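Each chain, letter by letter, is given below.
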Amino acid sequence: MKRVLVKSVFDAFEYVMDHYTPAGLEDMGEAKDTYAVISIQDTHTDGFGVEFTTSKYCEGVLTLHFDDIVKEVEGAVLFNTDMANEIIDFVEMNMDCDTLLVHCYAGQSRSMAVGLFVLHMLGRDNQEKLSRISPNMYVYNKLIETYENRNK
């Protein structure tokens, strides 16, 4: 995996569409890198109405539904260890992709936490980014804790 991109749902859709070409015009496509998508969707809206699927360039999709919260809230879904394990497994299965695309609604909190964790998982330094942005630290810490427990 060469890079990790964190986007809003709108920018993620645009990224995917840069890889689209009509049948018979494949040579005219703008982007040719392979990618996998972690799609983080809200539960209170039952998602965003956008569903990513595998394709010629998209080698895998993991869709998770959880909300941007840091403690139990009635009517909302808190990120949990099962979801963390799904993310870790998905990243491990898609290491050969050029790009990991992670999105949530705004691309700021949940997806940033996942993106920063993946950098850590890949052995890349994420401390400078972690110090200047505001990811959902509950999600980030749950991923770190789950990953460390798996590797004991």
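Above this text you will find the structure in question.
About the criteria used
- The numbering scheme is per chain: residues are counted from 1 as the chain's sequence reads.
- Thresholds applied to this predicted model are a pLDDT of at least 70 for local features of residues and 80 or more for the giving and counting of side-chain atom pairs; totals over whole chains, interfaces and linings are not thresholded and use all residues.
- The side-chain numbers reported here are obtained from all heavy atoms of the structure, hydrogens and water having been left aside.
- At least two bridges found by DSSP between two strands are what make those strands a pair.
- The secondary structure listing takes helices from DSSP runs of H or I that are at least 4 residues long and strands from runs of E that are at least 2 residues long, numbered from the N terminus.
- Geometry is summarised by axes, namely lines fitted to C-alpha atoms with helices restricted to the contacting stretch, and by angles between N-to-C directions that run from 0 to 180 degrees.
- Any two residues whose heavy atoms approach within 4.5 Å at even a single point are treated as in contact.
- Burial classification: accessible surface area is computed with a 1.4 Å probe over protein chains only, and a residue below 20% of its type maximum counts as buried, one above 50% as exposed, and the rest as partly exposed.
- Every angle not falling under 35 degrees, over 145, or within 65 to 115 is termed oblique; those three ranges are roughly parallel, roughly antiparallel and roughly perpendicular.
- Rotating anticlockwise by less than a right angle from the far helix to the near helix defines a left-handed crossing, while the corresponding clockwise rotation defines a right-handed one.
- Following the grouping adopted for this structure description, the nonpolar residues are Ala, Val, Leu, Ile, Met, Phe, Trp, Tyr, Cys and Pro, the charged ones are Asp, Glu, Lys and Arg, and the polar ones are all others, Gly among them.
- Note on definitions: salt bridges are taken to be side-chain nitrogens of Lys or Arg within 4 Å of carboxyl oxygens of Asp or Glu.

Below, the discussion takes up the sheet that holds strand S4 (residues 99-104). With parallel pairing, four strands are arranged side by side in an open sheet as S1-S4-S2-S3. The sheet is open, and its two edges are formed by strand S1 (3-8) and strand S3 (58-65), each paired on a single side. The mean inter-strand angle of the sheet, taken between neighbouring strand axes irrespective of direction, is 15°. Pairing analysis gives six bridges linking S1 to S4, with the strands arranged parallel. Across the sheet, the residue bridging to Lys 7 is His 103, located in S4. Contacting S1, strand S2 (35-41) and S4, helix H3 (residues 110-121) crosses the sheet at an angle of about 175° to S1.

Attention now moves to the pairing of S2. When you tally the buried positions in S2, you get seven out of seven residues, the bulk of the element. On S2, burial covers both faces: Tyr 35, Val 37, Ser 39 and Gln 41 on one face and Ala 36, Ile 38 and Ile 40 on the other are all buried. Relative to S3, S2 is paired through seven bridges, and the arrangement is parallel. For Ser 39, the partnering residue across the bridge sits in S3 and is Thr 63. Two strands pair when backbone bridges link them, and S2 and S4 are joined in this way by five bridges, in the parallel orientation. The residue bridging Tyr 35 from the neighbouring strand is Thr 99, located in S4.

So, about the packing of helix H2 (residues 81-93) against H3. Remark: H2 packs on H3, axes separated minimally by 11 Å, with the N-to-C direction vectors making an angle of 55°. What the angle tells us is that H2 and H3 run oblique. Once H2 is placed against H3, the crossing between them reads as right-handed. Across the interface between the two elements, Ile 87, Ile 88, Val 91 and Glu 92 of H2 pack against Val 114, Phe 117, Val 118 and Met 121 of H3. Class assignment of the residues belonging to the contact of H2 with H3 gives a composition of seven nonpolar, no polar and one charged.

With that out of the way, let us pick up the pattern of salt bridges. Tallied over the entire structure, the rule returns six salt bridges. Lys 2 is paired through a salt bridge with Asp 98; the nearest N and O atoms lie 3.5 Å apart. One end of the pair, Lys 2, is in the segment before S1; the other, Asp 98, is in the loop between H2 and S4, and 96 residues separate them in sequence. We note a salt bridge from Asp 33 to Arg 3, for which the minimum N-O separation is 3.6 Å. With Asp 33 in the loop between helix H1 (9-17) and S2 and Arg 3 in strand S1, this pair connects stretches of sequence that are 30 residues apart. Among the charged side chains, a salt-bridge network with shared partners connects Asp 89, Glu 92 and Arg 150.

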